[in-house]
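What follows is the residue order along each chain.
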Amino acid sequence: MSDAKTPPDVPHDPVDPAETGARQSFLGLLHTRRVWDVDLPAFDPATAPATPLPLFHAWFAEAVAAGQTEPHTMSLATVDAEGRPDVRTVMLHDADARGWHFATHSTSAKGCQLAAHPHAALGFYWPAQGRQVRVRGPVVACSPAESRADLHARSTGALASALVGRQSEVLGSYEELRHASETAWERARAEPEADVPSWTRYVVEPREVEFFQGDAARRHVRLRYLGRTESWEHELLWP
């Protein structure tokens, strides 16, 4: 006969009917969503260029032509001091021979993370054509002069937002933000060349770039470039 003890009954919280109903409603919405409810373009990887940048430029132009909302937004992934991943959505400022550009305050959470671990991953998603682009590589900060030029090439609102600063710091109240924003807008209008020393333009220097073309039959095309600058190899990946 076993001498194992019977575990004590563990009390369970009563089920909240309202919570159950909300969950079922959520699952109903989630499980009935469909992706790529449009005619998807074909992509023959055999026609891809030798380097990834021309293909990115072409796909970006096609996303704009297809009516993709905000095709210049991208996910930026970094890691914190403990190596835990962090991700947010930022705007693409350029994509050239150096790499993919974005900007932020060097004092922000992502700026501090990049200072400690200067590597990042980017993700673009253009559902209007069932396409994704992923970029990975080291990150370098541009010169102060280029960062200032980046800031002053943007809108008055962008300058005002940069002048507010304190990104990622704890905010005491929304009223505090409103007051700081109003002050920053006044200065941005009065001083369109105002400097923000913490504003920094960064470049992700690509070492890996993947192009994903969705397919309604789930035979997705994944083309990955590996290398740097003018020396690239590419290969297909299973979806």
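Residues numbered from 1 in each chain as written. Predicted model: local features only at pLDDT ≥ 70, side-chain atom pairs only at ≥ 80, totals over all residues. Heavy atoms only, no water.

Enquirer: Go over the overall build of the chain with me, naming the residues and quoting the values.
Expert: The number of helices and strands found in the chain is six helices and ten strands. Relative to the 2.2 N^0.38 estimate, which gives 18 Å for 239 residues, the radius of gyration of the chain is 23 Å and therefore markedly larger than a compact globule would have. Expressed as lengths along the three principal axes of its C-alpha atoms, the size of the chain is roughly 80 × 55 × 40 Å. The buried share of the chain, reckoned over its 239 residues, is 33%. Once local pairs closer than 6 in sequence are excluded, the contacts in the chain between residues at least 24 apart make up 65%. Put simply, the chain has 24 plus and 32 minus side-chain charges, and the middle of one group is 2 Å from the middle of the other. (Helix = DSSP H or I, 4+ residues; strand = E, 2+ residues; numbered from the N terminus. Rg over C-alpha atoms; globule rule 2.2 N^0.38 Å. Buried < 20%, exposed > 50% of the residue type's maximum accessible area, 1.4 Å probe, protein only. Contact = heavy atoms within 4.5 Å. Lys, Arg positive; Asp, Glu negative; His and termini not counted. Charge placed at Lys NZ, Arg CZ, Asp CG, Glu CD.)

Enquirer: Please give an account of the side chain of glutamate 208 that cites residues and values.
Expert: Along the chain, the position of glutamate 208 falls in strand 8 (residues 208–213). Residue class for glutamate 208 comes out buried when judged on its relative accessible area of 15%. Among all residues touching glutamate 208, those that are not within four sequence positions of it are Arg134, Val135, Arg136, Arg224, Tyr225, Leu226 and Trp232.

Enquirer: Hey, could you go over the pattern of salt bridges for me, with residue numbers and the actual values?
Expert: Once the charged atoms of two side chains with opposite charge are near each other, the side chains can pair. Taken as a whole and judged by the stated rule, the model has 19 salt bridges. Of the charged contacts, one joins arginine 84 and aspartate 80 as a salt bridge, the two residues approaching to 2.8 Å between their closest N and O atoms. Exposure remark for aspartate 80: the relative accessible area of 14% places this residue in the buried category. (Salt bridge = Lys/Arg side-chain N within 4 Å of Asp/Glu carboxyl O.)

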